[in-house]
Amino acid sequence: MKPLVAANWKMHKTLKETEDYLRRLLEIIPVDPPVELVVFPSFTALALAGKILEGTPVALGAQNGHPQREGAFTGEVSMHQLADLGVRYVICGHSERRKIFGESDEFVAAKVRAAWAYGITPILCVGETLEERRAGRAWEVVERQLFAALSEGLSGPLVIAYEPVWAIGTGVPAHPKDAQEMAQNIRSWLLRRFGEKGKEVRIQYGGSVKPENAREFLGLPEIQGALVGGASLDPESFWRIAQAAGLE
Ligand code: PGA
């Protein structure tokens, strides 16, 4: 199972910036990297990124997708449309969407199911707020999110990103010991619920990962990758993080 290192650009980069970044990334990575790489541009740049990445070892991802196939959903983009563009991964339930756009556990579950229906691998984001962690409720919250999103089973490949909300974009990552403990809890939960299939799920850590601390997380036994925001906006920085995942 190759680790999966993901660049979540969020609301950044024009077409020109997208092209410059991807061309540079393709220049610096080897033909057969020891880790799987995926880039999540804005919707506006997805088609262009898809063209540039075709036939390369870097996969195309989308930051969001609507579960309905088509219809009257102004401003939305469906999983069906994403699949048509060659999108291989989609982020579901990112805490920014849960918080800013009020996405419920049920809606996140619908996205995960729709992603599978169109052959896209969901990256399901879970994580507690600082208040919840301080109250000793971190696992309870994450378990609720997992339970809700996967209530109808595991019907395709899955990646789970453990992203404590307070670590996202703050420059203050989780303590590696806490990330490891959470990843272990997630793994045990997956095994209890889905048996052998639970072993195939990759668990990422996300939240203020940077080249300087990547090894602390990517070297942990239960962590098979990272979901990187800010530090993924520069191709050199993203590749340095990915390299930390490829080290034995
Ligand atoms: P960050 O974002 O690396 O900037 O903390 C991570 C994420 O939101 O996925």
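Preceding this section is the structure that the text describes.
As the structure is a computational prediction, the values presented were derived from the model and not from experiment. (Residues numbered from 1 in each chain as written. Predicted model: local features only at pLDDT ≥ 70, side-chain atom pairs only at ≥ 80, totals over all residues. Heavy atoms only, no water.)

1. Section: the side chain of E163
Positionally, E163 belongs in the loop between β6 (159-162) and α8 (176-194). Among buried Asp, Glu, Lys and Arg side chains, E163 stands out as unpaired, with K10 the closest opposite charge at 6.6 Å. At 3.4 Å, the side chain of E163 and the side chain of H94 are in polar contact. Once residues within four sequence positions are removed from consideration, E163 is found in contact with H94, C125, V126, G127, I168, G206, G207 and L227. (Helix = DSSP H or I, 4+ residues; strand = E, 2+ residues; numbered from the N terminus. Buried < 20%, exposed > 50% of the residue type's maximum accessible area, 1.4 Å probe, protein only. Lys, Arg positive; Asp, Glu negative; His and termini not counted. Salt bridge = Lys/Arg side-chain N within 4 Å of Asp/Glu carboxyl O. Polar contact = N/O pair within 3.5 Å; in protein donor to acceptor, adjacent residues only side chain to side chain. Contact = heavy atoms within 4.5 Å.)

2. What about the pattern of salt bridges?
For the coordinates displayed, the defined rule picks out 19 salt bridges. Across the pair R137 and E140 runs a salt bridge whose closest N-O atoms are separated by 3.2 Å. Take R137: its relative accessible area is 32%, and that puts it in the partly exposed class. Judged by its relative accessible area of 46%, E140 is partly exposed. Between K199 and E196 there is a salt bridge whose closest N-O contact spans 3.1 Å.

3. What to know about the state of the cysteines
Tallied over the entire structure, the rule returns zero disulfides. Note on C125: no disulfide assigned, nearest cysteine sulfur contributed by C92 at a separation of 8.0 Å. (Disulfide = S-S within 2.5 Å.)

4. Here's the deal with the packing of helix α7 (residues 138-149) against α8
Remark: α7 packs on α8, axes separated minimally by 11 Å, with the N-to-C direction vectors making an angle of 40°. One element, α7, and the other, α8, form an angle in the oblique class. Between α7 and α8 the crossing geometry is right-handed. Within the contact between the two elements, α7 uses A138, W139, V142, E143, L146 and F147 and α8 uses M182, N185, I186, W189, R192 and R193. For the contact of α7 with α8, the residue count by class is eight nonpolar, one polar and three charged. (Axes fitted to C-alpha atoms, helices over the stretch in contact; angles between N-to-C directions. Parallel < 35°, antiparallel > 145°, perpendicular 65-115°, else oblique. Left-handed = near helix turned anticlockwise from the far one by under 90°. Nonpolar A, V, L, I, M, F, W, Y, C, P; charged D, E, K, R; others polar.)

5. What about unusual backbone geometry?
One non-glycine residue, K10, adopts positive backbone phi at about 55°. Positioned with a positive phi, K13 is a non-glycine residue whose angle comes to about 85°.

6. Quick look at helix α1 (residues 15-28)
Given 3.6 residues per turn, any residue in an α-helix points the same way as the ones three and four places further on. Relative to the 20 Å expected for 14 residues at 1.5 Å per residue, α1 spans 20 Å between its end C-alpha atoms, a close match to the ideal helical length. Summarising the contacts, the buried residues of α1 are in contact with β1 (4-8), β2 (36-40), α2 (43-53), β3 (58-62) and α10 (235-246). (Expected span 1.5 Å × (residues − 1).)

7. As for the pairing of strand β7 (residues 202-206)
Of all five residues that make up β7, five are buried, and the element is covered over most of its length. Covered by surrounding structure in β7 are R202, Q204 and G206 together with I203 and Y205, the residues of both alternating faces. Pairing of β6 with β7 involves four bridges; the strand directions are parallel. Note on β7: the bridge partner recorded for Y162 is Y205. In the classification by handedness, the crossover that spans β6, the intervening α8 and the parallel β7 is right-handed. In terms of strand pairing, β7 meets strand β8 (residues 225-228) through two bridges, oriented parallel. (Pairing = 2+ DSSP bridges. Right-handed = clockwise from strand over helix to strand, strands pointing away.)

8. Details of the site of the ligand
Taken together, 13 residues sit near the ligand, with K10, H94, E163, G169 and S208 positioned nearest. Take S208: an N or O atom from its main chain is 2.7 Å from an oxygen atom of the ligand. Between the ligand and G230, the relevant distance is 2.8 Å, taken from an oxygen atom to a main-chain nitrogen or oxygen of the residue. Contact with the protein chains hides 96% of the accessible area of the ligand, taken as 280 Å² for the molecule alone. Split by residue class, the shell around the ligand holds four nonpolar, seven polar and two charged. (Near = heavy atom within 4 Å. Areas by Shrake-Rupley, 256 points an atom, 1.4 Å probe, with all protein chains shown as cover.)

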